[in-house]
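Spelled out, the chains give:
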Amino acid sequence: MNIQVEIDNESGFCFGVTTAIKKAEEELAHSVRCEDDSHTLYCLGDIVHNGMEVERLHGQGLQTINHDELSKLHDVKVLLRAHGEPPETYELARRNRIEIIDATCPVVLQLQRRIKKQCDNNPKAQIVIFGKNGHAEVLGLVGQTQGRAIVVEGIDDVKNLDFEKDIYLYSQTTKNLDEFHEIIEYIQNHISKQATFNSFDTICRQVANRMPNIANFASKHDLVLFVSGRKSSNGKVLYNECRSVNPNSFQIESAHEINMEWVRGMKTVGICGATSTPKWLMEECRDYILSHVL
């Protein structure tokens, strides 16, 4: 079977994830492997929403912990992933003499500072964040406001805002730009004339630009394999964009999930992924297909 398999050059780790993984690898390379906790590198939450990459780093010695486990640690090194953390995490680390390896994405860090400053300057206003409830980045953003910020996931949540009060709208860095503009328009149409409304486009362009890029890529192929961890919010958005352009698209987490029946009769296969998808994993999927084609 003569088949062409192409990997999307625009897919793969974003800058923030690349930096976080590089920091982890550098720390692990200098770690002394022993049972003493002082030589162990911990990561607060999965360093990236991709199980295969997390497993690879675990093999190098990285240990993933949650916030409850963090509170019980003392005198260790803990890496904070690109999503960022609320101020309480840093305070806990200070109390427990934990050395923080801070890999918070610069774009997220700047957003945290902006939200904190706005909250401090206008304590009576509604700080609204367009994002996913419970997402690590959003928890870090809400933490800058001592829990006062209101998280909206869509128009239905926006309807519950108090339009008689000032509203300052921000966005999780990886959200959809079109949805953000819809929310802005809704608030503009409902805000009281006596209230102030300001919106701040805080969506990362490196992520936002992937939507048109991936749509163009998906349209060029008979079959599209979207490689992504199923916990990735960014992955869900991009995969849905693939399917809207090319219904013959499948989401997989690894090469072992590829059904060669999907490939039968296809002339071109496109492989793409999320900002949390490593290039090596997409390459494995390509190699799997080429090695199984009869």
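Novice: Which residues make up the sheet that holds strand β1 (residues 4-7), and what values go with them?
Specialist: Strand order in the open sheet formed by four strands is β1-β12-β10-β11, with parallel pairing between adjacent strands. This sheet does not close on itself; its edge strands, each paired only once, are β1 and β11 (249-252). Across the sheet, the mean angle separating the axes of adjacent strands is 20° when strand polarity is ignored. Two strands pair when backbone bridges link them, and strand β10 (residues 223-227) and strand β12 (residues 268-273) are joined in this way by five bridges, in the parallel orientation. Across the sheet, the residue bridging to L225 is I271, located in β12.

Novice: For the packing of helix α5 (residues 106-121) against helix α6 (residues 136-143), give the residues involved together with the corresponding values.
Specialist: In the contact formed by α5 and α6, the axes pass within 8 Å of each other and the chain directions differ by 30°. Regarding the angle of α5 to α6, the classification is roughly parallel. Considering only the axes of α5 and α6, their crossing is right-handed. Together, V108, L111, Q112 and I115 of α5 and E137, G140 and L141 of α6 make up the contact between the two elements.

Novice: Describe the pairing of strand β6 (residues 126-130), and please don't skip the residues or the numbers.
Specialist: For β6, the tally of buried residues reaches five of five residues, placing the bulk of the element in the interior. Residues Q126, V128 and F130 point to one face of β6 and I127 and I129 to the other, with burial holding for every one of them. Where β6 lies against strand β7 (residues 150-152), three bridges are found, and the strand directions are parallel. Each residue of the ladder has a partner; that of F130, found in β7, is V152. Read from β6 through α6 to β7, the crossover connection turns out right-handed.

Novice: Please set out the packing of aromatic side chains residue by residue, giving values where relevant.
Specialist: One pass over the full model with this rule turns up five aromatic pairs. When the ring of F130 is compared with that of F180, the centres are 6.2 Å apart and the planes differ by 15°; the resulting orientation is stacked. Separated by 50 residues along the polypeptide, F130 in strand β6 and F180 in helix α8 (residues 177-190) bring together distant segments of the chain. Pairing F163 with Y186 gives two aromatic rings, centres 6.3 Å apart and planes at 50°, and the pair type is tilted. One end of the pair, F163, is in the loop between α7 (155-158) and β8 (167-171); the other, Y186, is in helix α8, and 23 residues separate them in sequence. Given the relative accessible area of 13%, F163 is considered buried. The class of Y186 is buried, set by a relative accessible area of 19%.

Rules and cut-offs
- Residues numbered from 1 in each chain as written.
- Predicted model: local features only at pLDDT ≥ 70, side-chain atom pairs only at ≥ 80, totals over all residues.
- Heavy atoms only, no water.
- Pairing = 2+ DSSP bridges.
- Helix = DSSP H or I, 4+ residues; strand = E, 2+ residues; numbered from the N terminus.
- Axes fitted to C-alpha atoms, helices over the stretch in contact; angles between N-to-C directions.
- Parallel < 35°, antiparallel > 145°, perpendicular 65-115°, else oblique.
- Left-handed = near helix turned anticlockwise from the far one by under 90°.
- Contact = heavy atoms within 4.5 Å.
- Buried < 20%, exposed > 50% of the residue type's maximum accessible area, 1.4 Å probe, protein only.
- Right-handed = clockwise from strand over helix to strand, strands pointing away.
- Phe/Tyr/Trp six-rings, centres within 6.5 Å; stacked < 30°, edge-to-face > 60°.

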